[in-house]
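Summary of structural features
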Amino acid sequence: MVLFNEEKASGTELIAIIGRIAEHVEDEEERLRLKHEARYKAMRESEKLAAERRLLSGADCKWTHLKNSSECYSRVNGRTYRLTRTKEKRWSLSRVETVPLEEGGNLIGTYLGKADATKVVAKIAYETDCR
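In this report, we go over the structure that sits alongside the text. Fair warning: this is a prediction, and the values are worked out from it, not measured in the lab.

Sheet architecture is open: five strands sit in the order β1-β2-β3-β4-β5, paired in antiparallel fashion. Because the sheet does not close on itself, it has two edges, and the strands there are β1 (61-65) and β5 (106-111). Mean inter-strand twist for the sheet, computed between neighbouring axes without regard to direction, equals 20 degrees. Two elements, strand β3 (residues 79-85) and strand β4 (residues 91-96), share six bridges in a ladder whose sense is antiparallel. Looking at β4, one finds that tyrosine 81 is bridged to arginine 95. Set on the sheet, helix α2 (residues 13-57) makes contact with β1 and β2 (72-76); between it and β1 the angle comes to about 110 degrees.

Residues Glu23, Glu26, Asp27 and Glu29 make up a contiguous surface patch of negative charge. Mapped onto the secondary structure, aspartate 27 falls in helix α2. Given the relative accessible area of 54%, aspartate 27 is considered exposed.

What follows concerns a nonpolar patch on the surface. The grouping of Ile17, Ile21 and Val25 at the surface amounts to a nonpolar patch, some 240 Å² of accessible area in total. Along the chain, isoleucine 17 falls in helix α2.

So, on to the nonpolar core. Within the largest apolar cluster, twelve residues are counted, these being Trp63, Cys72, Val76, Tyr81, Leu83, Trp91, Leu93, Tyr111, Ala117, Val120, Val121 and Ala125. Beyond its immediate chain neighbours, meaning those up to four positions away, valine 120 contacts Leu93, Ile108 and Tyr111. Ranked by size, the runner-up nonpolar core spans six residues in total, among them Cys61, Leu66, Tyr73 and Val96.

So, about the pattern of salt bridges. Enumeration over the complete set of coordinates arrives at six salt bridges. We note a salt bridge from glutamate 30 to arginine 33, for which the minimum N-O separation is 2.7 Å. One end of the pair, glutamate 30, and the other, arginine 33, are both in helix α2, three residues apart, so they sit about a helical turn from each other. Its relative accessible area of 40% is what places arginine 33 among the partly exposed residues.

In total, this model carries zero disulfides according to the counting rule given. For the unlinked cysteine cysteine 61, the closest cysteine sulfur is that of cysteine 72, found at 11 Å. By relative accessible area, which is 9% here, cysteine 61 ends up buried. Of the residues examined, cysteine 72 reaches a relative accessible area of 0% and is grouped as buried.

To continue, consider the pairing of β2. Within β2, five of the five residues are buried, which leaves it mostly tucked inside the rest of the structure. Going residue by residue along β2, you find Cys72, Ser74 and Val76 tucked away on one face and Tyr73 and Arg75 tucked away on the opposite face as well. Sheet topology note: the β1/β2 ladder contains three bridges and is antiparallel. If you follow threonine 64 over to β2, its bridge partner there is tyrosine 73. Counted between consecutive antiparallel strands, the loop separating β1 from β2 contains six residues, among which asparagine 68 sits at a positive phi close to 60 degrees. Pairing between β2 and β3: five bridges, direction antiparallel. Bridging across to β3, valine 76 finds its partner in arginine 79.

About the criteria used
- Residues numbered from 1 in each chain as written.
- Predicted model: local features only at pLDDT ≥ 70, side-chain atom pairs only at ≥ 80, totals over all residues.
- Heavy atoms only, no water.
- Pairing = 2+ DSSP bridges.
- Helix = DSSP H or I, 4+ residues; strand = E, 2+ residues; numbered from the N terminus.
- Axes fitted to C-alpha atoms, helices over the stretch in contact; angles between N-to-C directions.
- Contact = heavy atoms within 4.5 Å.
- Patch = residues over 30% accessible without salt bridge, like charges linked within 9 Å, V, L, I, M, F, W, Y side chains within 5 Å.
- Areas by Shrake-Rupley, 256 points an atom, 1.4 Å probe, with all protein chains shown as cover.
- Salt bridge = Lys/Arg side-chain N within 4 Å of Asp/Glu carboxyl O.
- Lys, Arg positive; Asp, Glu negative; His and termini not counted.
- Charge placed at Lys NZ, Arg CZ, Asp CG, Glu CD.
- Buried < 20%, exposed > 50% of the residue type's maximum accessible area, 1.4 Å probe, protein only.
- Core = buried A, V, L, I, M, F, W, Y, C linked by side-chain atoms within 4.5 Å.
- Disulfide = S-S within 2.5 Å.

What follows is the structure in structure tokens.
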């Protein structure tokens, strides 16, 4: 109240009120932004966990990173594929039987990007399996 009386005496009470409202709006926008950011991070983490569970349960899924792994795994038509980054910044695509434990696998090829590997997986996943 003292602040308002001082501002009123100098004739700047409207400017002070507008300034206080602007500060309040900025504080609320920042609070809402932080809340939205926290909700987004929690949603992304739950999506990652759900994708990991789908892969480990044997369901078909898109490229999924397992925790503490630099490799991506995908399952299409019941077949599991692993995508590994090479030293030449390319992607090595292999067919594997088990998800996180198998080192080797049947090498399919090396590709420039994930999109190229995804196209190959989409094509070979439905071909007959010759062993």
